[in-house]
Amino acid sequence: MSLLRLCQVGMNRKNILFLFVDGLGIGIDDSDKNPVFSGSCPNLADLLRRSAVPIDASMGVSGYPQSATGQAALLTGENAAVFMGRHIEGFPGPRLKELIREKNVFLKLKNMGLKSTFANAYFIDDSKVLDSWRVQSVTTVATLSAFGSVRCRDLMEKNEAVYQDIVRDELRPRGYTGPRIDPAEAAMHLAGIAKDHDFTLFEYFQTDRAGHAADSEKTGKVLSILDGFLAPLIESAERCEFQLIITSDHGNIEATDTAGHTMNPVPFVVVGSSADFFKHRIKSITDVTPAILEWFGN
Ligand SMILES: [Zn+2]
C-alpha cells in the first residue's frame, strides 16, 4: 500500500511536532564553506536540498536577526523586531516577555481546546525554581504562561522529556548519573510525546552555540547528533504519525566564515501531508504561528 494511501485510510494525523533548531540558515551548497553540507548530517542536508522553503528572518528590521526577537516571532506570529524597534539577542526582557506571555502559540492552541506541550526537559525538581532564574528563554516564558509548569527531572528520567542537547552529555557536570541517550532513542521519546499531543515543541540550540564557538569539531558533533535524532522523526512523519515541522530563528551554523549570525534566510521544512498547506502560507518567521493556528482551525 502506498504511503499516501496509508495516510488516507485513517493514519493521517493532524498533530504537529515542531522542531525548532536555533541558528540554522540556508547557506551555499559547498562542503568547504557550509558544515551542513559537509557530510556530518546527511538527513538534514537531504531535507534542506529537497524540500526547504527559504523564509525571511529579518522581519524588515536592519541588522543581524537575533534569538529573543526571532524566537518570539516564531512562537507568537508577531513582528517582535518591529515591536521592540530592533533585534534583541539571547533572552527576552520585561517588555518582550509580556508579548510572549500574551500571544504565544501554546496559549492560542489551549484557547482552541487543543493539547500542546514543550517537550524539553529541565534539570530541576520543581517548576517553581524557574521563578528565581535571572534569565528565561522565550520557550520558558511561553511554556510557563500557558501551563504554569515545565517538564522537570522526574519526567526526563521516565523518558517523557528530552534534554536540550538530546543525549544528556551536558547534564554530567550538573550531577546527572543516568544513561547517555542515543539520539535515535531520544527521538522515540519525543515521538511518544508528540503522539499524545496536538502540538509538541522541541528546542535544539546547540547548533547556534556551535556556530558561535566556530569550532569545526564541535559543529560536526552537534550536527551529527541532530541528524541521528532527525532520522527516526522523519520516518515517523512519513508514516503519518505526525506532521514534522523544522525551522529556525536566524542563520549561524551554515557559514564558517563568521562566528556570528548571518543574514541568510532560514529553512522551513515540513515532512507530512501538510507540506503543501504550509508551503503556500509561510514566507517569514512571523507566518509560522498563524499558519499552525489555521491548520488546526480547518
Ligand atoms: Zn546566537
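Right above here is the structure, for reference.
The shown structure was predicted, so the numbers you read here are calculated from the model rather than taken from an experiment.

Calculation rules
Residues numbered from 1 in each chain as written. Predicted model: local features only at pLDDT ≥ 70, side-chain atom pairs only at ≥ 80, totals over all residues. Core = buried A, V, L, I, M, F, W, Y, C linked by C-beta atoms within 7 Å. Buried ≥ 20, exposed ≤ 12 C-beta atoms within 10 Å, placed from the backbone. Contact = placed C-beta atoms within 7 Å. Axes fitted to C-alpha atoms, helices over the stretch in contact; angles between N-to-C directions. Helix = DSSP H or I, 4+ residues; strand = E, 2+ residues; numbered from the N terminus. Parallel < 35°, antiparallel > 145°, perpendicular 65-115°, else oblique. Left-handed = near helix turned anticlockwise from the far one by under 90°. Nonpolar A, V, L, I, M, F, W, Y, C, P; charged D, E, K, R; others polar. Arc of directions from axis to C-beta. Pairing = 2+ DSSP bridges.

A. The arrangement of the nonpolar core in detail. Formed by 83 residues in total, the largest nonpolar core has its most connected members in L19, A72, V162, L190, L226, L233 and L244. When sequence neighbours within four positions are dropped, the list of residues in contact with A72 reads A80, P92, L96, L99, I100 and V138.

B. Representation of the packing of helix α9 (residues 183-195) against helix α11 (residues 216-238). The N-to-C vectors of α9 and α11 enclose an angle of 45°; their axes lie 8 Å apart at closest approach. If you check the angle between α9 and α11, you find them oblique. Considering only the axes of α9 and α11, their crossing is right-handed. Contact residues: P183, A184, A186, A187, M188, L190 and A191 in α9; I225, G228, F229, A231, P232, L233 and S236 in α11. Taken together, the residues of the contact of α9 with α11 sort by class into twelve nonpolar, two polar and no charged.

C. Representation of the packing of helix α10 (residues 206-213) against α11 in the model. Where α10 contacts α11, the axes come no closer than 9 Å and their chain directions differ by 165°. Taken together, the axes of α10 and α11 lie roughly antiparallel to each other. Note on packing geometry: the crossing formed by α10 with α11 is left-handed. Mapping the contact onto sequence places Q206, T207, A210 and A213 in α10 and K218, T219, V222 and L226 in α11. Looking at the contact of α10 with α11 residue by residue, the classes come out as four nonpolar, three polar and one charged.

D. Main features of helix α5 (residues 94-103). Those residues of α5 that fall on the buried side of the exposure criterion are L96, K97, L99 and I100. Burial along α5 is one-sided: seen end-on, the buried residues are contained in an arc of 160°. Seen from the open side of α5, the exposed residues pointing more than 90 degrees away from its buried face are P94, R95 and E102. Buried residues along α5 sit in contact with α3 (67-76), α4 (80-84) and α7 (138-147).

E. View of the sheet that holds strand β2 (residues 53-55). Spatially, six strands are ordered β2-β6-β5-β1-β4-β3 in an open sheet, and the strand pairing comes out mixed. Because the sheet does not close on itself, it has two edges, and the strands there are β2 and β3 (116-118). Here the average twist between neighbouring strands, direction ignored, is 20°. The pairing of strand β1 (residues 16-21) with strand β4 (residues 199-204) spans six bridges and is parallel. Bridge pairing in β4 links I16 to F199.

Any functional reading would require information beyond the geometric quantities listed.
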